[in-house]
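Results of the structural survey
Given next are the chains, with one letter for each unit.
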Amino acid sequence: MAKTSESQCYFVQLQIDSYLDGDLASAQQQEFMSHLKQCEACTREFRFAQTLLDTVMDFQQLDCDEQVMEPIYRLANGGHQTTQGVVGSSWAAMVRRFNSGPLLLRYSLPVAAVAVLATVMVLLSISVLTPAGDRPAIAQQAVVAPAQELAQLQQYDPAEIRQAVEDLNLAIEYLNQIGRRTDALISDRFLIRPLQDTLNASFERAAIRNQERTLNDPI
Amino acid sequence: MLAEYRQATEQHRQRVYSFAYYSLRAKEDAEDVTQEVFIKLWQHWQKVDHGKLGAWLMRVARNAVIDHVRKQRPAQANLDHYADVDDQAGRSDEASEIDRQIFKDQLQLAIKSLDDPFRSIVVMRDVQGLNYADIQASLSISESQVKVYLHRGRRKLRANTRLRQLFDENLAQKSRANQSHSGSDQRSANDKGNHHG
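Presented here is an overview of the structure given in this document. Each residue is numbered by its place in its chain's sequence as written, counting from 1. Whichever chain is written first is A, and whichever ligand is written first is 1; the rest continue in order. Under the rules for a predicted model, residues below a pLDDT of 70 receive no local features and side-chain atom pairs below 80 are neither given nor counted, while totals for whole chains, interfaces and linings still include all residues. With hydrogens and water stripped out, all remaining heavy atoms of the structure feed into the side-chain values.

A look at the packing of aromatic side chains
Put simply, the rule is: Only Phe, Tyr and Trp rings are paired, with Trp represented by its six-membered ring, and only when their centres lie within 6.5 Å; those with planes under 30 degrees apart are stacked, over 60 edge-to-face, the remainder tilted. Helical segments are the DSSP runs of H or I of at least four residues, strand segments are the runs of E of at least two, and each set is numbered from the N terminus. Only protein chains enter the accessibility calculation, which uses a 1.4 Å probe; a residue whose area is less than 20% of its type maximum is buried, one above 50% is exposed, and one in between is partly exposed.
For the structure on display, the rule yields ten aromatic pairs over all chains. A ring pair is formed by Tyr19 of chain A and Phe32 of chain A, whose centres lie 4.6 Å apart and whose planes are at 20°; its orientation type is stacked. Note that Tyr19 of chain A is positioned in helix α2 (residues 16-21) and Phe32 of chain A in helix α3 (residues 26-38), a separation of 13 residues in sequence. What makes Tyr19 of chain A partly exposed here is its relative accessible area of 23%. Centre to centre, the rings of Phe48 of chain A and Phe167 of chain B are 4.9 Å apart; their planes meet at 45°, and the pair counts as tilted. One end of the pair, Phe48 of chain A, is in helix α4 (residues 40-57); the other, Phe167 of chain B, is in helix α9 (residues 161-196), on a second chain.

Section: α3 of chain A
All names here are of chain A. Let me state the cut-off plainly: Between the first and last residue of a helix there are one fewer steps than residues, each counted as 1.5 Å, and that sum is the expected span. By construction, the arc corresponds to the directions joining the helix axis to the C-beta atoms. We call two residues in contact when some of their heavy atoms are within 4.5 Å.
In this model, α3 (13 residues) spans 19 Å end to end at C-alpha, consistent with the 18 Å of a helix rising 1.5 Å per residue. Among all positions of α3, only Phe32, His35 and Leu36 are buried. Axial view of α3: buried residues confined to an arc of 100°, hence all on one face. Exposed and oriented more than 90 degrees from the buried face of α3 are Ser26, Ala27, Gln30, Glu31 and Lys37. In this fold, the buried residues of α3 make contact with α1 (6-14), α2 and α4.

Notes on the side chain of Gln15 of chain A
All names here are of chain A. Turning to its location among the elements, Gln15 is positioned in the loop between α1 and α2. Gln15 gets classed as buried once you look at its relative accessible area, which sits at 12%. Among all residues touching Gln15, those that are not within four sequence positions of it are Leu24, Gln28 and Phe32.

Functional significance is not addressed by these values, which are geometric in nature.
This is the structure in structure tokens:
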């Protein structure tokens, strides 16, 4: 085999994969093959690449055991996945059913539940603290309240409820700011400054007294 | 929906598992990845574009493989002792077959040791025979990038010294066998000539 230049070999070796993939034009292919006929090193490299590719392509397509897929099918049938594996659970199914329900139901149910719970708590505390015959009017109203509240809540759509909550948060934040400012103002006007003034005045008085005493001292 | 899901798993299971196996070279890890992929498919069933399901699955499989590789890097030495149960069962006693098997094992190790995306692309293209469009869709890169990574990945495999050594040994063995074969042919030709003479 005749000797070829190093750069030519480098270029040909770069083309090995394109040749194997059939991406070279016919002229390039001829050039490539004619170089291989002259160059032992490139022929060796080409045969190595071809062997690797043939071996890789010879790898069989594998499949996993059926039991690998079993937990997945269980999940698909209504199970619940945990970090340890896939375990069936009725809770997951319940949550899924709840999540797939209408939006109004998803929002109104928790709100109604909280309202009912709060009302029950109020009723219980009133019934414990007050005698049965002397029950205030508000407690009697509260007995009727859950049903009315539920009826009222279901009239609002979730967007309105979300808006109301946002407005409420905004109002709370505003009130907090006002409160902080008022607190600062009050403490400045009625606590800190008067206190400072009083202290300063007492110090001044003490200093003057000391000065007078020193001036009047015969020694 | 469940029937469709089962059909999809049957259709793509082998591709996902093979990809995971040749990327991780460990049966149990490949099974874990396959499970992860199909659980994700179930979780995202409504959102997945079913026209591009194969590409979506391969993308998820590739990400799962990358996660596994990241997790196992410190304990990599333990990976391979249980990897070849299937392969070893089919081994022949013939020396050439063993050589081929050793070469194959070494090549699998070399593929596993490639960094991503070289590993994914070599497995998808050369092992699984996916076309460039599928690989492109799975990895969200252009076709020219796929080709560049594929060629670089193959060059990295060719740069593996152990593989090169095995190939050279095999070549030398073959040439010795050829020489001895041609030598014996020559001797028998000479014997025939003498006999006739």
